[in-house]
Amino acid sequence: MFNLILFGPPGSGKGTQSEKFIARYGLKHLSTGDLLRFEISRQTPLGREAQNFMDKGQLVPDEVVIGMISSALDANPHSKGFLFDGFPRTSAQAEALDQLLEIKKAPITVMIALEVSEEELIKRLLKRGKTSGRSDDTNDAVIRARIIEYHTKTAVVADHYQKFNKVVMVKGEGTVDEIFERLCAAIDAKM
Ligand code: B4P
């Protein structure tokens, strides 16, 4: 089983590159952002709770997203591997993921971390906000709050996997295709 984490700050290209990955490597794409937006679109109790956090640029509570990932893993017992996009985003989520994968005897193979300057992140997210309808992309203060959440709670997740020598840093600026080729080279070296 090949299990990949695509890591990086908001707007670094995780969702964009994930689309291309699943086409090339046939992994099951698990995006906590997409799963949460699906719950919001159906106005479920979980979705309404999540929206309160997302609209402020805050992370959704760990137990909510860990539960969603646990269910998604159970729902795909025959997958040849998973692409985790936007998860884990806290140390508690990383520990929970390691435990869930331990049960499957299929640990994380590699974490690919996209590096993008803050100026470029803000530019990309404000641009997406003009067309995406995503309330968390239209407001400069909310975008900055998301970047602060990343520095205070999420960046440490890379340190966790670095301890096991599983992190590869990749420059996330350039065209989408250029970045994809860099990511593929990093993954192929680990396969
Ligand atoms: P996510 O849905 O994960 O979204 P994201 O971090 O904003 O975006 P991503 O990184 O995937 O976007 P991309 O760069 O592809 O999270 C949204 C919210 O959900 C979080 O703030 C949080 O509240 C909640 N959440 C999700 N997971 C959670 C978890 N595990 N725990 C707690 N809360 C959680 O796209 C950005 C834009 O850049 C696009 O418009 C794209 O077209 C553009 N772009 C991409 N690559 C480019 C390039 N090379 N050049 C120019 N533009 C590019």
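Now for a look at the structure at hand. A quick note: this is a predicted structure, and the numbers were derived from the prediction, not measured.

Looking at the element boundaries, Asp159 is found in helix H7 (residues 140–162). Considering only alpha carbons, one finds Asp159 and Ser91, 68 residues apart in sequence, at a separation of 9.4 Å.

Evaluated as defined, the whole model comprises four aromatic pairs. Seen from their ring centres, Phe7 and Tyr150 are 6.0 Å apart, and the 45 degrees between their planes marks the pair as tilted. Taken together, the residues Phe7 in strand S1 (residues 4–7) and Tyr150 in helix H7 connect sequence positions 143 residues apart. Taken individually, Phe7 and Tyr150 each receive the classification buried, so the pair is uniform in this respect. Relative to Tyr25, the ring of Phe21 lies with its centre 5.9 Å away and its plane at 40 degrees, an arrangement referred to as tilted.

Turning our eyes to something else, we now look at the site of the ligand. Near the ligand you find 29 residues, and of these Gly13, Thr16, Thr32, Gln58 and Arg146 are the closest. In this structure, Arg37 approaches the ligand through a side-chain N or O atom, which is 2.9 Å from an oxygen atom. Measuring from an oxygen atom of the ligand, one finds a side-chain N or O atom of Arg146 at 2.4 Å. Notes on the ligand: free accessible area 990 Å², of which the protein chains cover 87%. With respect to the pocket detection grid, the ligand is positioned in the largest pocket.

Here we come to the pattern of salt bridges. Here the structure, examined in full by the defined rule, presents 12 salt bridges. Lys20 is paired through a salt bridge with Asp177; the nearest N and O atoms lie 2.8 Å apart. Of this pair, Lys20 sits in helix H1 (residues 14–25) while Asp177 sits in helix H8 (residues 176–190), placing them 157 residues apart in sequence. Classification of Lys20 as partly exposed rests on a relative accessible area of 27%. A salt bridge links Lys123 to Glu120, with the nearest nitrogen and oxygen atoms 3.3 Å apart. A residue pair is termed a helical-turn pair when its members lie 3 or 4 positions apart in one helix, as Lys123 and Glu120 do in helix H6 (residues 118–132) at three residues. Salt bridges linked by common partners bring Arg128, Arg134, Asp136, Asp137 and Arg146 together as one network.

For the rest of this paragraph, the subject is the environment of Ile69. When you line up the elements, Ile69 lands in helix H4 (residues 62–75). Judged by its relative accessible area of 0%, Ile69 is buried. Sequence separation between Ile69 and Pro88 is 19 residues; the distance between their C-alpha atoms is 9.7 Å. For Ile69, the residues in contact, after removing those within four places along its chain, are Leu30, Thr32, Phe84, Phe87, Leu97 and Leu100.

Basis of the calculations
- Residues numbered from 1 in each chain as written.
- Predicted model: local features only at pLDDT ≥ 70, side-chain atom pairs only at ≥ 80, totals over all residues.
- Heavy atoms only, no water.
- Helix = DSSP H or I, 4+ residues; strand = E, 2+ residues; numbered from the N terminus.
- Phe/Tyr/Trp six-rings, centres within 6.5 Å; stacked < 30°, edge-to-face > 60°.
- Buried < 20%, exposed > 50% of the residue type's maximum accessible area, 1.4 Å probe, protein only.
- Near = heavy atom within 4 Å.
- Polar contact = N/O pair within 3.5 Å; in protein donor to acceptor, adjacent residues only side chain to side chain.
- Areas by Shrake-Rupley, 256 points an atom, 1.4 Å probe, with all protein chains shown as cover.
- 1 Å grid on protein atoms, 1.4 Å probe; cavity = no way out; pocket = protein on both sides within 12 Å on 5 of 7 lines; lining within 4 Å.
- Sits in = over half its atoms within 2 Å of the grid points.
- Salt bridge = Lys/Arg side-chain N within 4 Å of Asp/Glu carboxyl O.
- Contact = heavy atoms within 4.5 Å.

Worth remembering: the numbers are spatial, not functional.
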